[in-house]
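A closer look at the structure
One letter stands for each residue in the lines below.
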Amino acid sequence: MTLAGMDSDLVLVIGIIVSAFAIPAVISAFSDGRPPRAAAIAVLVGGGLVLMAFLVKPGGYSANQIPEVFVRVVARMIN
């Protein structure tokens with residue numbers, strides 16, 4: 001199934017990557033004593049993308065499928 005030209009595998013991978021990049025931003029903001037506004041937005045966007053990917057794919061994803069999804073998406077980008 002597609003989401004305006006993107007399939008659920010790609011949306012899942014982008015969501016996980018955005019969420020992963022937000023973790024150091026949250027830690028940096030707390031260590032500097034400032035509110036983590038941008039990091040919180042990134043976590044919300046990444047989480048929303050992951051949730052959307054889970055809801056759009058029939059049957060959803062299991063934890064065992066996530067590494068396979070990453071490999072498929074990277075293989076498509078390389079080829």
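Up top is the structure these notes are about.
Residues numbered from 1 in each chain as written. Predicted model: local features only at pLDDT ≥ 70, side-chain atom pairs only at ≥ 80, totals over all residues. Heavy atoms only, no water.

Right, let's talk about the overall build of the protein for a bit. The secondary structure content of the protein amounts to three helices and two strands. Overall, the protein shows an N-to-C arrangement of helices and strands of β-β-α-α-α. Principal-axis analysis of the C-alpha atoms places the extent of the protein at approximately 40 × 25 × 25 Å. Burial analysis of the protein (79 residues in total) assigns 25% to the buried set. For the protein, contacts bridging at least 24 residues in sequence account for 69% of all contacts bridging at least 6. Summing over all exposed atoms, the protein offers an accessible surface of approximately 5200 Å²; the carbon and sulfur share of this is 72%. (Helix = DSSP H or I, 4+ residues; strand = E, 2+ residues; numbered from the N terminus. Buried < 20%, exposed > 50% of the residue type's maximum accessible area, 1.4 Å probe, protein only. Contact = heavy atoms within 4.5 Å. Areas by Shrake-Rupley, 256 points an atom, 1.4 Å probe, with all protein chains shown as cover.)

A few words now on the packing of helix α1 (residues 8-32) against helix α2 (residues 37-56). Between α1 and α2, the least distance of the axes is 8 Å, while the angle of their chain directions is 155°. With respect to each other, α1 and α2 are oriented roughly antiparallel. In the crossing of α1 with α2, the sense of the turn from one axis to the other is left-handed. Facing S8, V11, L12, I14, G15, I16, V18, S19, A22, A25 and V26 of α1, the residues of α2 in contact are A39, A42, V43, G46, G47, L49, V50, M52, A53, F54 and V56. (Axes fitted to C-alpha atoms, helices over the stretch in contact; angles between N-to-C directions. Parallel < 35°, antiparallel > 145°, perpendicular 65-115°, else oblique. Left-handed = near helix turned anticlockwise from the far one by under 90°.)

Glancing now at the packing of α1 against helix α3 (residues 66-78). Packing of α1 against α3 brings their axes to within 9 Å, and their N-to-C directions diverge by 105°. By the criterion of interaxial angle, the relationship of α1 to α3 is roughly perpendicular. Where α1 abuts α3, its residues D9, L10, L12, V13, I16 and I17 lie against I66, V69, F70, R72, V73, R76 and M77.

This paragraph deals with the environment of I27. Position of I27 relative to the elements: it lies in helix α1. The spatial distance from the C-alpha of I27 to the C-alpha of A42 is 13 Å, given a sequence separation of 15 residues.

Keep in mind that these numbers describe shape and distance, not what the molecule does.
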